[in-house]
Amino acid sequence: MDNKEEKFKEAVTTILEIIGEDPSREGLQKTPHRVFKAFEYFTKGYKQDPKEVLNQALFESSNNEMVIVRDIEFYSLCEHHLLPIIGRAHVAYIPDGKVVGLSKIPRLIEVFARRLQIQEQLTEQIAEAINEVIEPKGVGVVMQARHMCMEMRGVEKAYSSTTTSALRGIFLKEKTRKEFFDIINTPQTNRF
Ligand code: ZN
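Residues numbered from 1 in each chain as written. Predicted model: local features only at pLDDT ≥ 70, side-chain atom pairs only at ≥ 80, totals over all residues. Heavy atoms only, no water.

Caption draft 1: Region of interest: the overall build of the protein chain. In terms of regular secondary structure, the protein chain is built from seven helices and seven strands. Moving toward the C terminus, one meets the helices and strands of the protein chain in the order α-α-α-β-β-β-β-α-β-α-β-α-β-α. With the C-alpha coordinates aligned to their principal axes, the bounding extent of the protein chain is approximately 60 × 40 × 30 Å. By the burial criterion, 40% of the 192 residues in the protein chain qualify as buried. For the protein chain, contacts bridging at least 24 residues in sequence account for 69% of all contacts bridging at least 6. A total of about 11200 Å² of accessible surface is found on the protein chain, and carbon and sulfur atoms cover 52% of it. Charged side chains in the protein chain number 27 positive and 28 negative. The centres of these two groups are separated by 3 Å. (Helix = DSSP H or I, 4+ residues; strand = E, 2+ residues; numbered from the N terminus. Buried < 20%, exposed > 50% of the residue type's maximum accessible area, 1.4 Å probe, protein only. Contact = heavy atoms within 4.5 Å. Areas by Shrake-Rupley, 256 points an atom, 1.4 Å probe, with all protein chains shown as cover. Lys, Arg positive; Asp, Glu negative; His and termini not counted. Charge placed at Lys NZ, Arg CZ, Asp CG, Glu CD.)

Caption draft 2: Spotlight on the packing of helix H1 (residues 3-18) against helix H2 (residues 31-42). The N-to-C vectors of H1 and H2 enclose an angle of 120 degrees; their axes lie 8 Å apart at closest approach. It follows from the interaxial angle that H1 and H2 lie oblique. In terms of crossing hand, the pair formed by H1 and H2 is right-handed. Here Lys4, Glu5, Phe8, Lys9, Val12, Thr13 and Leu16 of H1 come into contact with H2, specifically with Thr31, Pro32, His33, Val35, Phe36 and Phe39. Its residues placed into classes, the contact of H1 with H2 shows seven nonpolar, three polar and three charged. (Axes fitted to C-alpha atoms, helices over the stretch in contact; angles between N-to-C directions. Parallel < 35°, antiparallel > 145°, perpendicular 65-115°, else oblique. Left-handed = near helix turned anticlockwise from the far one by under 90°. Nonpolar A, V, L, I, M, F, W, Y, C, P; charged D, E, K, R; others polar.)

Caption draft 3: A look at the sheet that holds strand E5 (residues 116-117). One open sheet accounts for five strands, arranged E5-E2-E3-E6-E7; its pairing is mixed. At either margin of the open sheet sits one strand with a lone partner, and together these are E5 and strand E7 (162-169). Bridge count for strand E2 (residues 67-78) against strand E3 (residues 84-94) is nine bridges, and the pairing is antiparallel. Note that in E3 the partner of Tyr75 across the bridge is Ile86. Taken strand by strand, helix H5 (residues 119-134) contacts E2, E3, E5, strand E6 (138-147) and E7, and its axis lies near 25 degrees from that of E7. (Pairing = 2+ DSSP bridges.)

Caption draft 4: Inspection of the coordination of the zinc ion at higher detail. Coordination sphere of the zinc ion, protein contribution only: Cys78 (SG), His81 (ND1) and Cys149 (SG), at 2.2 to 2.4 Å. Counting the intervening residues between successive donors of the zinc ion yields the motif C-x2-H-x67-C. With relative accessibility at 4%, the residue Cys78 sits in the buried group. For His81, a relative accessible area of 32% puts it in the partly exposed group. (Donors = N, O, S within 2.8 Å, 3.2 Å for Na, K, Ca; no water.)

Caption draft 5: Structural context of the packing of aromatic side chains. Per the counting criterion, the structure on display carries five aromatic pairs. Ring geometry for Phe8 and Phe36: centres 5.4 Å apart, planes at 65 degrees, overall edge-to-face. On the criterion of sequence distance, the pair formed by Phe8 in helix H1 and Phe36 in helix H2 is long-range, its members being 28 residues apart. Counting every residue linked through ring pairs, the aromatic cluster contains Phe8, Phe36, Phe39 and Phe42. (Phe/Tyr/Trp six-rings, centres within 6.5 Å; stacked < 30°, edge-to-face > 60°.)

Caption draft 6: Region of the structure containing helix H4 (residues 104-113). A large share of H4 lies buried, amounting to seven of its ten residues. Those residues of H4 that fall on the buried side of the exposure criterion are Lys104, Ile105, Leu108, Ile109, Val111, Phe112 and Ala113.

Caption draft 7: Representation of the packing of H4 against H5. Two elements in contact, H4 and H5, have axes whose closest approach is 10 Å; the angle formed by their N-to-C orientations is 135 degrees. In this view, H4 runs oblique relative to H5, as classed from their interaxial angle. Crossing angle aside, the handedness with which H4 passes H5 is right-handed. When H4 is examined against H5, the residues Ile105, Leu108, Ile109, Phe112 and Ala113 are found in contact with a partner set consisting of Leu122, Gln125, Ile126, Ala129 and Ile130. Residues of the contact of H4 with H5, tallied by class, amount to nine nonpolar, one polar and no charged.

This is the structure in structure tokens:
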């Protein structure tokens, strides 16, 4: 067992003691190890390079129509409370000679979501990575999410969701922005 895991487990054991639990009782014996494994997964994005993900499937293309991937589920952790941010992302870009394999967009989101985040920064980072690597005419990212740190701590009484957007290039123009928002606002039932 490496030192990292040992230290992590000690910290979780300390938390259990402080909240008034008995870390040695049967149900909690493996908890420090489970929490360690869970956090390894929640933060695996730190070990991944977003540019590498996109470069793996970058192709030349003469397509200059809007490419949209919508309703991509994501799970992240807020950097202030280490509590879940659960949401959906919509990503669009208009190519300028290069396109990326569609499966790479959810992968890219995963790289940034599996780090400690605030929603605004997460949204910006996704748009920025696409802008830098694909060099499109423009990119738009919209994220809608629920924040457990607001709901569970009683800051917001009921279900509430936060929307953030990051727009670059031609997506700052009214016509393109409207086209993008009209598509992501189309109800699910109208889709096949
Ligand atoms: Zn928070």
